[in-house]
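Observations on the model geometry
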Amino acid sequence: MNKFFLFFICMVSAMGGLLFGYDWVVIGGAKPFYEMFFEIGNDPIMQGVAMTTALVGCLVGAMIAGGLADRYGRKPLLMLSAVLFTVSALATGWYDDFTMFNIARFIGGVGIGVASALSPMYIAEVSPADIRGRMVSLNQMTIVLGILAAQVVNMLIGTGVEEDWGREWGWRWMFWAETVPAGLFLILSFFIPESPVFLRNKENGGMEKKESSISFKTLFRSQYRNILLLGLFIAVFQQWCGTNVIFNYAQEIFISAGFDVDGMFINIVITGIANVLFTFVAMGTVERWGRRTLMLIGAGGLCMIYFILGTCYFIQVTGVMMVVLVVAAISCYAMTLGPITWVLLSEIFPARIRGIAMGTCTFALWVGCCTLTFSFPSMNAALGSSGSFWIYSAICLCAFIFLFKRCPETKGRELE
């Protein structure tokens, strides 16, 4: 396959990651404004609901993605995700009713769930083994670019605006801006081919509905049980390592560190830039250092950073030092757990179960994200930021031990 064409189709597929990143993070910047509009600023439960609704949609999207992709192909599902992103972006900013706001967010979440399962799998299936890790890492690169785009849009719209305008219109325009990349993704997805793995399976008789059901049961047979457990653990840990609360609850984290709302937006963009830069580091090291090494660096590094960060919150350190620690956590995550999780999940399963296994692990990942996001406001209120980050430090320590014992190296190995 022509290298330029390979890069093109991988980048188009990875636009699902860009929209995933934007849709997932934009709500963090919109949060101060829509909470005033819907009058939920003093209600941790409703705050958690607003932040978690899209993640529930992610569960649904991830749950249906694998089976539908094995039956109808990867390309149609990628196109479906583009439609869902567009509809959600328009509807979220349109509605004045809190229930309809959450329904619109749920639709976008389904798009995230589908894209997060299908984009890395499609890229892995079209890429040769010697550059597969780097190509799959493109998906994480577009995710972090989507995150940064959302952070920049939020800063441009939200910094220095009158409170009344921000409450009435600011949060709406943050969501509406997503329609531009969503529309572009939909148009470009018409020009990519179907996955060769899907076409080969189709030529060999395809996978009817009954066979897809059997494949799901096959996941729990003895020959696949251990690898499924590893995939589920990696997926959930990527979320429960705690880094993603920095994106979704930046308001609480940076205000607790002594910053006002404008300072919060600026610091969020700083973390986004670090996120992008260190994802480039991951793309340069994934084929040299290997997947296992980077996963261990991520778990061990975050364990230490979160312990220090929690201690600083406990002794009430504020200002630049806290920003440095948060950026260090984001950087460590961006060059390790963020991209390498998707690389491993796209590589460790054999072709027979890859679609349904990838969907199952992505579903588990979004269960982890959903529970993490919903629990943080209550946990932070009960334990403070110090206690929250100490808990994440302990989780990372446990994960380091598990990965040291169980995580294989897949660098340079043929996909099958």
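Here, residues in each chain are numbered from 1, in the same order as that chain's written sequence. It should be noted that, the model being predicted, local features are given only for residues of pLDDT at least 70 and side-chain atom pairs only at 80 or more, the latter also being counted only at that level, while totals for whole chains, interfaces and linings use all residues. For the side-chain quantities, the full set of heavy atoms in the structure was used; hydrogens and water were omitted.

Re the overall build of the protein
Every helix listed is a DSSP run of H or I at least four residues long, and every strand listed is a run of E at least two residues long, numbered separately from the N terminus. Looking only at helices and strands, the protein has 17 helices and 0 strands in total. In terms of overall dimensions, the protein has C-alpha extents of about 60 × 45 × 40 Å along its principal axes. Buried residues in the protein amount to 60% of all 416 residues. For the protein, the share of sequence-separated contacts (at least 6 apart) that also reach a separation of at least 24 residues comes to 86%. In the structure as shown, the protein presents an accessible area of about 15,800 Å², 69% of it carried by carbon and sulfur atoms. Only four residue types enter the tally: Lys and Arg on the positive side, Asp and Glu on the negative side; His and the chain ends are excluded. Here the site of a charge means NZ on Lys, CZ on Arg, CG on Asp, or CD on Glu. Averaging the positions of the 26 positive and the 26 negative side-chain charges in the protein gives two centres separated by 16 Å. Exposure categories follow from relative accessible area, calculated using a 1.4 Å probe and restricted to protein chains: below 20% of the type maximum is buried, above 50% is exposed, and the middle band is partly exposed. Contacts are residue-level and defined by heavy atoms, with any inter-residue pair within 4.5 Å sufficient. Here the open area of atoms and residues is found with the Shrake-Rupley method and a 1.4 Å probe, where only the protein chains shown may cover a residue.

Considering the pattern of salt bridges
Here, a salt bridge means any side-chain nitrogen of Lys or Arg that lies within 4 Å of a carboxyl oxygen of Asp or Glu. Counting across every chain of the model gives 8 salt bridges. With its nearest N and O atoms 2.6 Å apart, the salt bridge here joins Arg-167 to Asp-164. Taken as a pair, Arg-167 and Asp-164 lie in helix H6 (residues 163-176) at a separation of 3 residues, close to a single helical turn. The class of Arg-167 is partly exposed, set by a relative accessible area of 26%. Glu-287 is paired through a salt bridge with Arg-291; the nearest N and O atoms lie 3.1 Å apart. Assigned by exposure class, Glu-287 and Arg-291 land together as buried. Salt bridges sharing common partners tie together Asp-96, Glu-168 and Arg-172.

Observations regarding unusual backbone geometry
The residue Glu-39 is not glycine, and still its phi comes out positive at about 60°. Within the secondary structure, Glu-39 is located in the loop between helix H1 (3-38) and helix H2 (44-72). Positive phi, normally seen in glycine, also occurs at Gln-316, with a value near 65°. What makes Gln-316 exposed here is its relative accessible area of 67%.

Here's the deal with the packing of H1 against H6
One way to put it is that H1 packs onto H6 with a least axis distance of 8 Å and a crossing angle of 155°. By the angle between their axes, H1 is roughly antiparallel relative to H6. Crossing of H1 over H6 shows left-handed handedness. Two secondary-structure elements touch here, H1 through Tyr-22, Val-26, Ile-27, Gly-29, Ala-30, Phe-33, Tyr-34, Met-36, Phe-37 and Phe-38 and H6 through Glu-163, Gly-166, Arg-167, Glu-168, Trp-171, Arg-172, Met-174 and Phe-175. Here the residues of the contact of H1 with H6 are counted per class, giving 12 nonpolar, 2 polar and 4 charged. In this analysis, axes come from line fits to C-alpha atoms, helices being fitted only over the stretch in contact, and the angle between any two N-to-C directions falls in the range 0 to 180 degrees. Reported orientations rely on four angle classes, namely roughly parallel under 35 degrees, roughly antiparallel over 145, roughly perpendicular from 65 to 115, and oblique for the rest. Note: crossing handedness is left-handed where the near helix turns anticlockwise from the far helix by less than a right angle, and right-handed where it turns clockwise. Classes in brief: Ala, Val, Leu, Ile, Met, Phe, Trp, Tyr, Cys and Pro nonpolar; Asp, Glu, Lys and Arg charged; the others, Gly included, polar.

What about the packing of H1 against helix H7 (residues 179-188)?
Close contact between H1 and H7 brings their axes to 9 Å; oriented N to C, the two are set at 160°. By the criterion of interaxial angle, the relationship of H1 to H7 is roughly antiparallel. In this structure, H1 meets H7 at a crossing whose hand is left-handed. Residues Val-12, Ser-13, Met-15, Gly-16, Leu-18 and Leu-19 of H1 lie in contact with H7, whose contacting residues are Pro-181, Ala-182, Leu-184, Phe-185 and Leu-188. Within the contact of H1 with H7, the residues separate by chemical class into 9 nonpolar, 2 polar and no charged.

Describing helix H17 (residues 351-406)
Relative to the 82 Å expected for 56 residues at 1.5 Å per residue, H17 spans just 21 Å between its end C-alpha atoms, considerably shorter than the ideal helical length. The reported bend at a residue is simply the angle between two axes, fitted to the 7 residues ending at it and to the 7 residues beginning with it. Of all bends in H17, the biggest is about 110°, found at Gly-384. Expected helix span is taken as 1.5 Å per residue step, with the number of steps being one fewer than the number of residues.

A look at the confidence of the model for the protein
How sure the predictor is of each residue is captured by pLDDT, a score from 0 to 100. Taken over all residues, the pLDDT of the protein has a mean of 84, while the share at 70 or more is 94%. Within the protein, no element has a lower average pLDDT than helix H9 (residues 209-218), which sits at 55, and none a higher one than helix H14 (residues 291-314), at 94. Across residues 210-214, where pLDDT falls below 50, the model places 4 contacts with residues more than four positions away in sequence or in other chains.

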